[in-house]
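# Commentary on secondary and tertiary structure
In case you want the letters, here they are:
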Amino acid sequence: MITGKNLVKFDLIKRIVTSLILLPIVISVIILGSYLFFISILLLVAFASYEMSRVVRLWGYDISSFWSVVLSVLLTSIIHFNASSFNENIWLILTLQIGIFISLICFLKPNLIQLKIKDYLFNIALVIYISGILSHLLLARYMENSINIILFVMLVIFASDTSAFLFGKTLGKRKLAPKISPSKTYEGAIAGVIAASIMAFSASLYFELNIRFIYVILLGILIGIIAQTGDILESKFKRRANLTNSSEILPGHGGVLDRLDSVALNLLLLYYFLLWY
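This one's a predicted model, so the numbers in the text were calculated from it and none came from an experiment. (Residues numbered from 1 in each chain as written. Predicted model: local features only at pLDDT ≥ 70, side-chain atom pairs only at ≥ 80, totals over all residues. Heavy atoms only, no water.)

Turning to the packing of aromatic side chains, a few remarks are in order. Here the structure, examined in full by the defined rule, presents twelve aromatic pairs. Ring geometry for phenylalanine 66 against tryptophan 67: centres 5.1 Å apart, planes inclined by 80°, an arrangement best described as edge-to-face. The class of phenylalanine 66 is exposed, set by a relative accessible area of 54%. The interplanar angle of 80° and the centroid separation of 5.6 Å between the aromatic rings of phenylalanine 107 and tyrosine 129 together place this pair among those described as edge-to-face. Of this pair, phenylalanine 107 sits in helix α5 (residues 90-108) while tyrosine 129 sits in helix α6 (residues 118-141), and the two are 22 residues apart along the sequence. Here the basic side chain of arginine 240 rests over the ring of tryptophan 59, its NZ or CZ set 4.3 Å away from the ring centre. (Phe/Tyr/Trp six-rings, centres within 6.5 Å; stacked < 30°, edge-to-face > 60°. Buried < 20%, exposed > 50% of the residue type's maximum accessible area, 1.4 Å probe, protein only. Helix = DSSP H or I, 4+ residues; strand = E, 2+ residues; numbered from the N terminus. Lys NZ or Arg CZ within 6 Å of the ring centre and 35° of its normal.)

Trans is the common state for peptide bonds, and a negative phi is the common state for residues other than glycine. The phi angle at glutamate 208 is positive, at roughly 55°, despite the residue not being glycine. Looking at the element boundaries, glutamate 208 is found in the loop between α8 (186-206) and α9 (213-240). For asparagine 242, which is not a glycine, the phi torsion comes out positive at approximately 60°. The topology assignment puts asparagine 242 in the loop between α9 and α10 (256-276). A relative accessible area of 72% means that asparagine 242 is categorised as exposed.

Taking 1.5 Å per residue, 21 residues should reach 30 Å; α10 reaches 29 Å between its end C-alpha atoms and fits that length. Largest kink in α10: about 45°, centred on serine 262. (Expected span 1.5 Å × (residues − 1). Bend = angle between axes of the 7 residues up to and from the residue.)

Looking at chain direction, strand β1 (residues 175-177) and strand β2 (residues 181-185) are connected through two bridges and run antiparallel. Of the residues in β2, the one forming a bridge with lysine 175 is threonine 185. What sits between β1 and β2 in their antiparallel hairpin is a turn of three residues. (Pairing = 2+ DSSP bridges.)

In this section: empty space enclosed by the protein. Tallied over the entire structure, the rule returns one cavity of 30 Å³ or more. Within this model, the largest cavity holds a volume of roughly 200 Å³. As for the largest cavity, its lining consists of 17 residues, and the residues nearest its centre are Tyr129, Glu234, Leu257, Asp261 and Ala264. Elements supplying a minimum of two residues to the lining of the largest cavity: α2 (34-58), α6, α9 and α10. The residue makeup of the lining of the largest cavity, split by class, is 13 nonpolar, one polar and three charged. (1 Å grid on protein atoms, 1.4 Å probe; cavity = no way out; pocket = protein on both sides within 12 Å on 5 of 7 lines; lining within 4 Å. Points joined across faces, edges and corners; volume = space filled by probe spheres on them. Nonpolar A, V, L, I, M, F, W, Y, C, P; charged D, E, K, R; others polar.)

Time to look at the pattern of salt bridges. A full pass over the atoms with the stated rule returns five salt bridges. Across the pair aspartate 231 and lysine 184 runs a salt bridge whose closest N-O atoms are separated by 3.3 Å. In this pair, aspartate 231 is assigned in helix α9 and lysine 184 in strand β2, connecting sequence segments 47 residues apart. In this structure lysine 184 comes out as buried when scored by relative accessible area, which is 16%. A salt bridge links lysine 238 to aspartate 258; the shortest N-O distance between them is 2.6 Å. Of this pair, lysine 238 sits in helix α9 while aspartate 258 is found in helix α10, placing the two residues 20 residues apart along the sequence. Residue class for aspartate 258 comes out buried when judged on its relative accessible area of 8%. When salt bridges that share partners are traced, they join Glu234, Lys238 and Asp258 into one network. (Salt bridge = Lys/Arg side-chain N within 4 Å of Asp/Glu carboxyl O.)

Put into structure tokens, the structure is as follows:
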């Protein structure tokens, strides 16, 4: 049986191997785009909504995994086939943002809702939350000159995640959120933000992004902070369900939600950054 430092090394190896396998696949799908990209997003939505329905069900609510997946895929498809309308109409995208925000509040403060139809409302919130957030990647991909920006953001998130995990496991001492995620440390979080800034600078040069140095560094810091926030947020959801991982589909990472925790909220930043850029 693997224990102690050997367990940390084993988890790290699994995490790195999985990342090395997934990273070129993700990059290829983003570059190729078209229906391959769309189908890949639908698969992510299906897995994420299934895992989230499992989490919410363990909170004590009667959530249908089947309908969560079906409706999430349906909503994502609707947004996909109307991407130009969303990108050109500020009111449509604001409506989607408001829906995501309300859904997030429902998950963070479930006791605020005291209606008999609470289970149905949580099912709707789940669909809007998962589809709404992941659809931002679809909307971003269909904007002009988006490929390099998307790859830039993904690489910065990857650097932040990997560094936070590595430094947190090896050098971390002070707990960041002990009641929510005991493994998260200040040392790991700081390392993640620093790594995000360094990667942001390096990637901006590689992709020849015409952005001032100070904005690149600030963007890297912001991506790193949002990644840590998303990680803690998902940990809070899992903690309430007495789960360590949302599933075990990805060795070293857990489930799709575990892999997307630092990415999800950054997709909103990615979208608005593309609008500005």
